[in-house]
Amino acid sequence: LWKNMTNLQKRIFTSIIALPLSLFFIFKGGYFLLLFLLSIFFVANYELFSVFRKKTTILFLDLILILSLYSIYYLSDLNEISFYILLWIIILVVCSDVGGYVFGKIFKWKKLTKISPRKTLSGVFGSFIFSLFSVFIANAMLSSNQVIPIDFLDPKFFFLAIIFSLIAQAGDLTISYFKRIEKVKDTGKILPGHGGILDRIDGLMFVVILAFVLIYFHLIP
């Protein structure tokens, strides 16, 4: 049955398992989250040293990985507001990825860049549109019950959604650029339909770092 599944079906199946599992550790926090992030760190490093040969590439990507994992832990532990913003960011990155994939498959517009042949202009618009939907999803799931003092329907969150989606797509292209240099399609095979850990979190890494900076300097919420 597994061999007969399409790549899209494998992506969906993997996401159904991986996303709730990731959210479970984020909600648990503390040592549970720390252990989860360390696991990601070691698996991602295995991929880095297995796929990439240039030391400067490994050093750069490892630095981004470490900063992103620290940012996730920081945002989850700082206060309730930063925790819910972290949840929104995860929702947004997933929406951005799905939007890019769906619009890219349906409309098949002009190719965006040679760095990643599968990326299209329609996919870019799809990512932006679905990222805007993430604001409504976050509002319905996280702030509609007035438990937290965040109004996700505030115009600034729509602006942030576009910025975060742009950064997520840029992060995806950055990893694709390094993979293209090494002439590899995926960084690993641990996530069926997605590739490796780095293939799955490429956009998220850059977005959570930006979110960390914005929250640390009290620029949001």
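Predicted model only: the values in this text are computed from it and were never measured.

For the protein chain, per-residue confidence averages 88 on the pLDDT scale, and residues scoring 70 or more make up 90% of the total. By mean pLDDT, helix H1 (residues 7–28) is the weakest element of the protein chain at 81, and helix H3 (residues 55–78) is the strongest at 96.

Attention now goes to the packing of H3 against helix H4 (residues 80–107). Each pair of packed helices can be summarised by the angle the axes make with each other and by the distance between the axes. Running from N to C, H3 and H4 point in directions that differ by 135°, and their axes come no closer than 5 Å. Judged by the angle between their axes, H3 and H4 are oblique. Contact with H3, carried on its side by Ile72, Leu75, Ser76 and Leu78, involves Ser82, Phe83 and Leu86 of H4 and no other residues of that element. Grouping the amino acids of the contact of H3 with H4 by side-chain chemistry returns five nonpolar, two polar and no charged.

Buried together is how nonpolar side chains tend to be arranged in soluble globular proteins. Counting residues in hydrophobic clusters, the biggest one holds 55 residues, and the most contacted among them are Trp88, Ile89, Phe152, Phe164 and Met205. The set of elements that each furnish at least two residues to this core consists of H1, helix H2 (30–51), H3, H4, helix H5 (121–143), helix H6 (155–182) and helix H7 (197–216). The dominant element in this core, judged by the number of residues it contributes, is H7, at 13 residues.

Using the criterion set out here, one finds two salt bridges in the structure. Residues Arg200 and Asp97 are paired through a salt bridge, measuring 2.9 Å at the closest nitrogen-oxygen approach. Of the two residues, Arg200 is situated in helix H7 and Asp97 in helix H4; the sequence distance between them amounts to 103 residues. Under the relative-accessibility criterion, Arg200 is labelled partly exposed at 26%. In this structure, the salt-bridge partner of Asp199 is Lys179, at a minimum N-O distance of 2.6 Å. Within this pair, whereas Asp199 is found in helix H7, its partner Lys179 is found in helix H6, the two being separated by 20 residues in sequence. Residue class for Asp199 comes out buried when judged on its relative accessible area of 9%. For Lys179, a relative accessible area of 8% puts it in the buried group.

Attention shifts here to the environment of Ser176. Looking at the secondary structure, you find Ser176 in helix H6. Ser176 sits in the buried class, given a relative accessible area of 9%. For the pair formed by Ser176 and Val124, sequence separation is 52 residues and the distance between their alpha carbons is 15 Å.

To continue, consider H7. The terminal C-alpha atoms of H7 lie 27 Å apart, and with 20 residues this matches the ideal 28 Å at 1.5 Å per residue to within 8%. At Gly203, H7 shows its largest kink, close to 35°. For H7, the tally of buried residues reaches 16 of 20 residues, placing the bulk of the element in the interior. Of the residues trailing H7, His218 is marked for its positive phi of about 60°.

Calculation criteria
Residues numbered from 1 in each chain as written. Predicted model: local features only at pLDDT ≥ 70, side-chain atom pairs only at ≥ 80, totals over all residues. Heavy atoms only, no water. pLDDT = per-residue confidence, 0-100. Helix = DSSP H or I, 4+ residues; strand = E, 2+ residues; numbered from the N terminus. Axes fitted to C-alpha atoms, helices over the stretch in contact; angles between N-to-C directions. Parallel < 35°, antiparallel > 145°, perpendicular 65-115°, else oblique. Contact = heavy atoms within 4.5 Å. Nonpolar A, V, L, I, M, F, W, Y, C, P; charged D, E, K, R; others polar. Core = buried A, V, L, I, M, F, W, Y, C linked by side-chain atoms within 4.5 Å. Buried < 20%, exposed > 50% of the residue type's maximum accessible area, 1.4 Å probe, protein only. Salt bridge = Lys/Arg side-chain N within 4 Å of Asp/Glu carboxyl O. Expected span 1.5 Å × (residues − 1). Bend = angle between axes of the 7 residues up to and from the residue.

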